[in-house]
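Structural overview
For reference, the chains in residue letters:
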Amino acid sequence: MPFDLGYPPSRFMSSRPGYNGTSLQDAARVFGTEDDCLQHVWAQSSDAVSACRTCGKLGRWWRRRGAKYFQHCCGATISPLSGTLMHATKLPLRLWFYAMLHFANSTEGVNAAFLGRHLGITYPAAFRMAYKIRLHLAALEERAEPIAVGQDIHARLVTVNRARSGSQSPNTLNVLFVASDTRLDCAVLPAPRRHSVRAAIESLMPNHGQVLTTCHRTSQVLSAYKTRQPLATFEPTFFIDHPADRDLISGFLSYFLKPFNNHHKHASREHFWLYLKDFQFRYNRRDHSGQTYWDMVRSFPQLDLQSLQRRR
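In what follows, the accompanying structure is described. The shown structure was predicted, so the numbers you read here are calculated from the model rather than taken from an experiment.

**Section: the pattern of salt bridges**
Following the criterion strictly, the structure yields twelve salt bridges and no others. As a salt-bridge pair, Arg183 and Glu141 come within 3.8 Å of each other at their nearest N and O atoms. Linking Arg183 in the loop between strand S5 (173-179) and strand S6 (184-189) with Glu141 in helix H5 (residues 123-142), this pair joins segments that are 42 residues apart in sequence. The residues Arg183 and Glu141 share a single accessibility class, namely buried. In this structure, the salt-bridge partner of Asp181 is Arg246, at a minimum N-O distance of 3.1 Å. Residue Asp181 is found in the loop between S5 and S6, and its partner Arg246 is found in the loop between helix H8 (238-241) and helix H9 (248-263); the two are separated by 65 residues along the sequence. Beyond isolated ion pairs, a larger network of salt bridges with shared partners links Glu141, Arg183, Asp185, Lys277, Arg285, Asp295 and Arg298.

In structure tokens form, the structure reads like this:
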């Protein structure tokens, strides 16, 4: 960050891990200058340790003073920002890392209006920045470690209201949530049909074991309303006989719905899946929230919008 607060950070004295976060001082210590930010992105890139794509040889990559690219001894150049959320940005890299700090520490999400006022940039620039950061979080969630082979999972179809359509179409969306004992994932479905729900479950959590559900509607859909073999076991009292904290889907809905309705009233149907991924990224790290920011900046994957939308 471009300034020093002049005092050390204070840690929240609570045993609950969800209350921890990353302070501005900690972030400023690592990303204090533009060079620090660019060097960090380069260090996380596979190109920094792989052979040159032009000559095929290993060699020293060096950076021209003031440039945002690195040059190989053969003359080839490469930009570590290319294809990432900061691709072709005209904003200082420190602002990007500062904005991501807000996303990591927030419990209710960050909207573009707040981001624009806080960073001193225009609303369109803030909207594009927030959009790119959410794409980045979705890409990181796609790289998450898969569940163990044969592990049982829970599934639930939920109808979410107040997703602005911008037309005469309904403002409701069908969202499929699937959860293991430690991790949750979700996808927006065009229609709640047995084949589409099954395909979404296989895409979100492949190699799973038994599928359980406590939702009658989900059970009906997964059995094609009792015309086909059911794909899920209906156990409405499952969480009465098991610890309530295993019900990750209900926990996520409590975490997501109220902040979304309060702070993202103008979210469109087109971008709704990105808001889900934004909250999902933090929710899956609720037990080690102090590492959420560092997980966010640990890698900078190439943002392939079409690939991400296929799993949305």
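**Regarding the sheet that holds strand S2 (residues 70-71)**
The three strands lie next to each other as S1-S2-S3, forming an open sheet whose pairing is antiparallel. Bordering the open sheet on either side are strand S1 (62-63) and strand S3 (77-78), each of which pairs with just one other strand. With two bridges joining them, S2 and S3 adopt antiparallel strand pairing. In the sheet register, Gln71 faces S3, and the bridge partner there is Thr77.

**Points about the packing of helix H3 (residues 93-105) against H5**
Packing of H3 against H5 brings their axes to within 11 Å, and their N-to-C directions diverge by 65°. In terms of their interaxial angle, H3 and H5 are classed as roughly perpendicular. At the point where H3 passes H5, the crossing takes the right-handed sense. Touching Leu95, Trp96, Ala99, Met100 and Phe103 of H3 are Met129, Ala130, Lys132, Ile133, Arg134 and His136, all from H5.

**Quick word on the packing of aromatic side chains**
With the rule as written, the count across this model stands at 18 aromatic pairs. On the basis of an interplanar angle of 75° and a centroid distance of 5.7 Å, the ring pair of Tyr255 and Phe279 is categorised as edge-to-face. Taken together, the positions of Tyr255 in helix H9 and Phe279 in helix H10 (residues 272-283) put the pair 24 residues apart, joining distant regions of the chain. Like Phe279, Tyr255 is buried. One aromatic cluster is present, formed by Phe177, Phe252, Tyr255, Phe256, Phe260, Phe272, Tyr275, Phe279 and Tyr283 through successive ring pairs. Positioned above the aromatic ring of Phe279 is the side chain of Arg282, whose terminal nitrogen or guanidinium carbon lies 4.9 Å from the ring centre. Against the face of Phe281 rests Arg285, its NZ or CZ located 3.7 Å from the ring centre.

Here is what the cut-offs are and how they apply
- Residues numbered from 1 in each chain as written.
- Predicted model: local features only at pLDDT ≥ 70, side-chain atom pairs only at ≥ 80, totals over all residues.
- Heavy atoms only, no water.
- Salt bridge = Lys/Arg side-chain N within 4 Å of Asp/Glu carboxyl O.
- Helix = DSSP H or I, 4+ residues; strand = E, 2+ residues; numbered from the N terminus.
- Buried < 20%, exposed > 50% of the residue type's maximum accessible area, 1.4 Å probe, protein only.
- Pairing = 2+ DSSP bridges.
- Axes fitted to C-alpha atoms, helices over the stretch in contact; angles between N-to-C directions.
- Parallel < 35°, antiparallel > 145°, perpendicular 65-115°, else oblique.
- Left-handed = near helix turned anticlockwise from the far one by under 90°.
- Contact = heavy atoms within 4.5 Å.
- Phe/Tyr/Trp six-rings, centres within 6.5 Å; stacked < 30°, edge-to-face > 60°.
- Lys NZ or Arg CZ within 6 Å of the ring centre and 35° of its normal.

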